[in-house]
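# Examining the three-dimensional arrangement
Read off the chains here:
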Amino acid sequence: MSFSPFSKAMPTADKFSRNPLSRVIMGALLVIVAAGCSNNTADATNSNASVVNSAQAKTSNTPTATGNDAAVVTALQANLNASGIEEKIVSAVPTDMDGIYWVTAEGLPAFFTDKSGKHIIQGQIIAVGDAAPVDISAALVASTAQEALKAVDKKEMVIYPAKGTTKAVVYAFTDADCGYCRKLHSEMDDINARGIEVRYLAWPRGQESVPKMEAIWCSQDRKAAMNQAKMGANVQAPSCANPVQAHMALGSRLGVRGTPAIFTEAGEQVGGYLPAAELAQAVGAI
């Protein structure tokens, strides 16, 4: 039987299944993770080669132009619907590249499209011709992540504050059963002592991890439950309204493919697991 990646998605009870467009976009994400645990659909340690190394390319100082182009949103939505794809398009804003728009959608990582809304474009867009190449896509990705993470209520996160002066804040999508997440957590005292506040969001990598993550968030003392879970304890708590599913949806929107996935307040993904000293250097807490 042949399968089209854009065939109509069928409803499913599996929380970890993705509709066709989601699978295509997630499969082609240009995510560079230093070290991390993969989920059940993608490998967090794999990345595609980029045209210009991110260390060599500058990022655009003006990631998006002001204003959403409703006509592009309407055109793209109509084209997706015509192909049996039901994602809701939120916005399409013009970029520094003529005729190319940056698109945000519910439950999907952001992507590019053209003015007609006929094409979905993924990956980097590099502007050349000046003294150094400019990666306009990196700034757009970071801007999207910054706004999304800033909108998360602190009460929905498990927070480990910095000791003394706060020099940096990072958001970490985490899974209690991930070895690299546990390794990162084992250095929490060192990380906090370096002036870094860590804000945990839930990212269970498989269906079997969901109950444990929900139990952490439903515990009266979330930090104590998180500490126990990171040491391998089977944390249990009465069911409650919790943000685990919302965090998973946010992670999907931001292109998270494995854990830990660490973002700065500016929305830049600095990698997976990094030793405390390297993390401090990566986020400027030195």
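Refer to the structure above for everything that follows.
Structural notes, computed from the coordinates. Predicted model, so just to flag it, every value in this text is computed and none were measured.

### Overview of the packing of aromatic side chains
Taken as a whole and assessed by the stated rule, the structure comprises 5 aromatic pairs. Residues Tyr160 and Tyr200 carry aromatic rings whose centres are separated by 5.7 Å and whose planes lie at 75 degrees to one another, so their mutual orientation is edge-to-face. Highlighted residues: Tyr160 in strand 9 (residues 158-160) and Tyr200 in strand 11 (residues 196-202), separated in sequence by 40 residues. Residue classification places Tyr160 among the buried residues on the basis of a relative accessible area of 6%. An aromatic cluster of at least three residues, connected via ring pairs, comprises Phe173, Trp203 and Phe263. One Lys or Arg, Lys223, reaches over the ring of Tyr160 and ends 4.9 Å from the middle of that ring. Lying across the ring of Tyr200, Lys230 places its NZ or CZ 5.1 Å from the centre.

### With respect to the nonpolar core
Ranked by size, the top nonpolar core spans 45 residues in total, and within it Phe173, Ile196, Val198, Ile216 and Phe263 carry the most contacts. Residue contacts for Ile196: discarding those within four places in its chain leaves Tyr160, Pro161, Ala162, Ala168, Val170, Ile191, Leu279, Ala280, Val283 and Ala285.

### A closer look at the sheet that holds strand 9
Taken together, 5 strands build an open sheet; the order of strands is 9-11-10-13-14 and the sheet is mixed. One side of each edge strand has no neighbouring strand; the edge strands of this open sheet are strand 9 and strand 14 (269-271). For this sheet, the mean angle separating the axes of adjacent strands, direction not counted, is 25 degrees. Bridging between strand 13 (residues 261-264) and strand 14 involves 2 bridges; their strand directions are antiparallel. Bridging across to strand 14, Ile262 finds its partner in Gly271. Those strands touched by helix 6 (residues 210-218) are strand 9, strand 10 (168-174) and strand 11, and its axis lies near 125 degrees from that of strand 11. Along the sheet, helix 8 (residues 244-253) makes contact with strand 10 and strand 11, crossing strand 11 at roughly 105 degrees.

What counts and what doesn't
Residues numbered from 1 in each chain as written. Predicted model: local features only at pLDDT ≥ 70, side-chain atom pairs only at ≥ 80, totals over all residues. Heavy atoms only, no water. Phe/Tyr/Trp six-rings, centres within 6.5 Å; stacked < 30°, edge-to-face > 60°. Helix = DSSP H or I, 4+ residues; strand = E, 2+ residues; numbered from the N terminus. Buried < 20%, exposed > 50% of the residue type's maximum accessible area, 1.4 Å probe, protein only. Lys NZ or Arg CZ within 6 Å of the ring centre and 35° of its normal. Core = buried A, V, L, I, M, F, W, Y, C linked by side-chain atoms within 4.5 Å. Contact = heavy atoms within 4.5 Å. Pairing = 2+ DSSP bridges. Axes fitted to C-alpha atoms, helices over the stretch in contact; angles between N-to-C directions.

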